[in-house]
Protein chains: 2
Amino acid sequence: MAHLGNSVEYGLHCLLWLTGPQAGPASSRDLAELQGVSTSFLAKIFPKLEKAGIVSASEGIRGGYLLARAPDRITVLDVVDAIEGDKPLFECQEIRGRCAVFGGKAPGWATDGVCAIHAVMLRAEKRMREELAATTLADLAKSLDGKMPAAMPGQVQAWFAARGAARTAAPPDGPKRRRRRPSA
Amino acid sequence: MAHLGNSVEYGLHCLLWLTGPQAGPASSRDLAELQGVSTSFLAKIFPKLEKAGIVSASEGIRGGYLLARAPDRITVLDVVDAIEGDKPLFECQEIRGRCAVFGGKAPGWATDGVCAIHAVMLRAEKRMREELAATTLADLAKSLDGKMPAAMPGQVQAWFAARGAARTAAPPDGPKRRRRRPSA
């Protein structure tokens with residue numbers, strides 16, 4: 001599995017649909033079906049984005065997710081950290097202290113400070129994170145806006161509206177159940 | 001598992017023992033035992049380093065590995081690539097073309113060029129790789145030399161010499177078998 005996995009890819013693509021003008025909140029089910037990704041997989045991702053303050057959730061049949069702050073204040077790194085959590089590029093096992101010459105008792109000079117090999121990896125991770133922090137959802141949306149035809153945003157809004165209308169017009173048989181989570 | 005895994009950590013630590021003055025080639029078994037890591041694990045790593053031209057191998061009872069080029073011409077990135085192979089930070093699944101609005105036929109504008117999300121990840125990977133390429137085995141060895149007491153290189157050489165002497169002085173009973181690989 002890649003270091004930045006499918007969850008990040010799915011989360012970013014679906015968040016992009018929340019950057020434009022919206023009629024209302026979007027459920028993670030609708031976002032998943034619009035984007036063509038697994039609904040159950042996306043239903044696990046959006047609560048993490050909510051916990052990180054990237055989206056806000058509302059409940060009920062018209063409930064769903066909205067961005068919790070402006071897209072130019074949400075970086076790719078914010079989304080990666082929200083979804084992947086604390087996942088280092090390299091996990092130092094401090095093997096520098098295990099040299100056979102030390103006879104099981106590593107001297108201070110061998111283990112003081114950060115291992116030089118670990119330090120290289122930490123610098124590499126810092127560069128990677130700096131680059132991920134340099135792009136926001138607004139930047140990604142702008143690059144998409146520059147490519148898509150003028151009619152596309154309206155088509156997407158119409159798609160969401162049709163989904164919402166279908167949901168409110170035809171309630172399922174049986175006792176009405178309150179949807180506890182917009183992703184349910 | 002971290003993106004830059006145990007194999008890279010073990011490989012780098014063991015390669016550092018080959019950067020100084022050596023009496024002769026070192027087997028991967030001796031390197032593993034000197035560094036306190038799994039011998040069978042390291043025996044799988046060194047052939048990859050040999051294939052990448054980072055170490056050269058010699059056979060026989062006194063055989064083993066030497067660096068194939070000067071330590072200031074071997075970067076951390078060379079070692080990572082030799083051991084990890086082609087392991088991208090992010091694997092784009094081109095889900096941008098799956099939008100439900102396209103009805104199964106993604107238009108050219110949606111899939112032309114590199115996906116903007118993939119492009120961010122490729123830039124982040126490039127920064128990470130640039131940083132890994134900025135440090136050589138010579139840099140790492142220099143930082144270690146600055147810490148270790150003057151007697152340490154001699155102790156390590158004595159440790160290798162004792163291992164070699166034990167191997168040549170006490171051949172195993174039974175028919176003599178030629179060791180095909182220094183790592184065997």
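A brief report on the enclosed structure follows. Keep in mind that what you see is a predicted model, and the values were worked out from it rather than measured.

**Brief notes about the overall build of chain A**
Per the secondary structure count, chain A includes eight helices and two strands. What you see in chain A, going N to C, is helices and strands ordered as α-α-α-β-β-α-α-α-α-α. Whereas a compact globule of 184 residues would reach a radius of gyration of roughly 16 Å, chain A reaches 22 Å, over 25% beyond that. Projected onto the principal axes, the alpha-carbon positions of chain A cover approximately 75 × 45 × 25 Å. Within chain A, the fraction of its 184 residues that count as buried is 32%. In chain A, of all internal contacts separated by at least 6 residues, the share reaching a separation of at least 24 is 72%.

**Description of the packing of helix α4 (residues 76-84) of chain B against helix α6 (residues 116-133) of chain B**
All names here are of chain B. Running from N to C, α4 and α6 cross one another at 115°; their axes reach a closest spacing of 6 Å. Note on element contacts: α6 touches α4 through R129, L132 and A133, opposite V76, L77 and V80. For the contact of α4 with α6, the class distribution of residues is five nonpolar, no polar and one charged.

**As for the environment of B:I95**
With respect to the element layout, B:I95 can be found in the loop between α4 and α5 (108-111). Each C-alpha atom of the pair B:I95 and B:T111 lies 9.2 Å from the other, and the pair is 16 residues apart in sequence. With near-sequence residues (within four places) excluded, B:I95 lies in contact with A:E9, A:H13, A:Q35, A:G36 and A:V37.

**Notes on the nonpolar core**
Within soluble globular proteins, side chains that are nonpolar generally end up buried alongside one another. If you look at the biggest cluster of nonpolar residues, it comprises 81 residues, and the most contacted ones within it are A:L42, A:V79, B:L42 and B:V79. When residues in this core are grouped by element, the largest group, seven residues, is from α6(B). In this structure A:V79 touches A:V8, A:G11, A:L12, A:L15, A:I54 and A:I74, once residues within four positions along its chain are discounted.

**A look at the environment of B:Q93**
Inspection of the secondary structure assignment puts B:Q93 in the loop between α4 and α5. The spacing of B:Q93 and B:L137 is 44 residues in sequence and 36 Å in space, taken between C-alpha atoms. Leave out the neighbours within four places in its chain, and B:Q93 touches A:N6 and A:E9.

**Topic: the relation of the copies chain B and chain A**
For the pair chain B and chain A, the best superposition has an RMSD of 0.0 Å and corresponds to a rotation of 180° with a translation of 0.0 Å parallel to the axis. Taken together, the rotation and translation relating the two chain copies correspond to the operation of a two-fold axis. Most of the interface of chain B is mirrored in chain A, where 100% of its interface residues are also at the interface.

**Concerning the interface of chain B and chain A**
Contact residues are listed per partner, giving 46 residues for chain B and 46 residues for chain A. Of all the secondary-structure elements, those providing two or more residues to the side of chain B that touches chain A are α1 (6-16), α2 (28-35), α6, α7 (137-145) and α8 (152-169) of chain B. Broken down by element, the side of chain B that touches chain A gets its largest block of residues, 11 residues, from α6(B). Residues that form the side of chain B that touches chain A fall into these classes: 27 nonpolar, nine polar and 10 charged.

**A word on the packing of helix α2 (residues 28-35) of chain A against helix α3 (residues 39-51) of chain A**
All names here are of chain A. Look at α2 against α3: their axes get within 9 Å of each other, and the N-to-C directions meet at 130°. Between α2 and α3, the interaxial angle falls into the category oblique. Where α2 crosses over α3, the two elements pack in a sense that is right-handed. Residues S28, R29, L31, A32 and E33 of α2 lie in contact with α3, whose contacting residues are T39, L42, A43 and F46. Residues of the contact of α2 with α3, tallied by class, amount to five nonpolar, two polar and two charged.

**Focus: the pairing of strand β2 (residues 64-67) of chain B**
The pairing of strand β1 (residues 55-58) of chain B with β2(B) spans four bridges and is antiparallel. Across the sheet, B:S56 pairs through a bridge with B:L66, a residue of β2(B).

Conventions adopted
Residues numbered from 1 in each chain as written. Chains lettered and ligands numbered in written order. Predicted model: local features only at pLDDT ≥ 70, side-chain atom pairs only at ≥ 80, totals over all residues. Helix = DSSP H or I, 4+ residues; strand = E, 2+ residues; numbered from the N terminus. Rg over C-alpha atoms; globule rule 2.2 N^0.38 Å. Buried ≥ 20, exposed ≤ 12 C-beta atoms within 10 Å, placed from the backbone. Contact = placed C-beta atoms within 7 Å. Axes fitted to C-alpha atoms, helices over the stretch in contact; angles between N-to-C directions. Nonpolar A, V, L, I, M, F, W, Y, C, P; charged D, E, K, R; others polar. Core = buried A, V, L, I, M, F, W, Y, C linked by C-beta atoms within 7 Å. Least-squares fit on C-alpha atoms with pLDDT ≥ 70 in both. Parallel < 35°, antiparallel > 145°, perpendicular 65-115°, else oblique. Left-handed = near helix turned anticlockwise from the far one by under 90°. Pairing = 2+ DSSP bridges.

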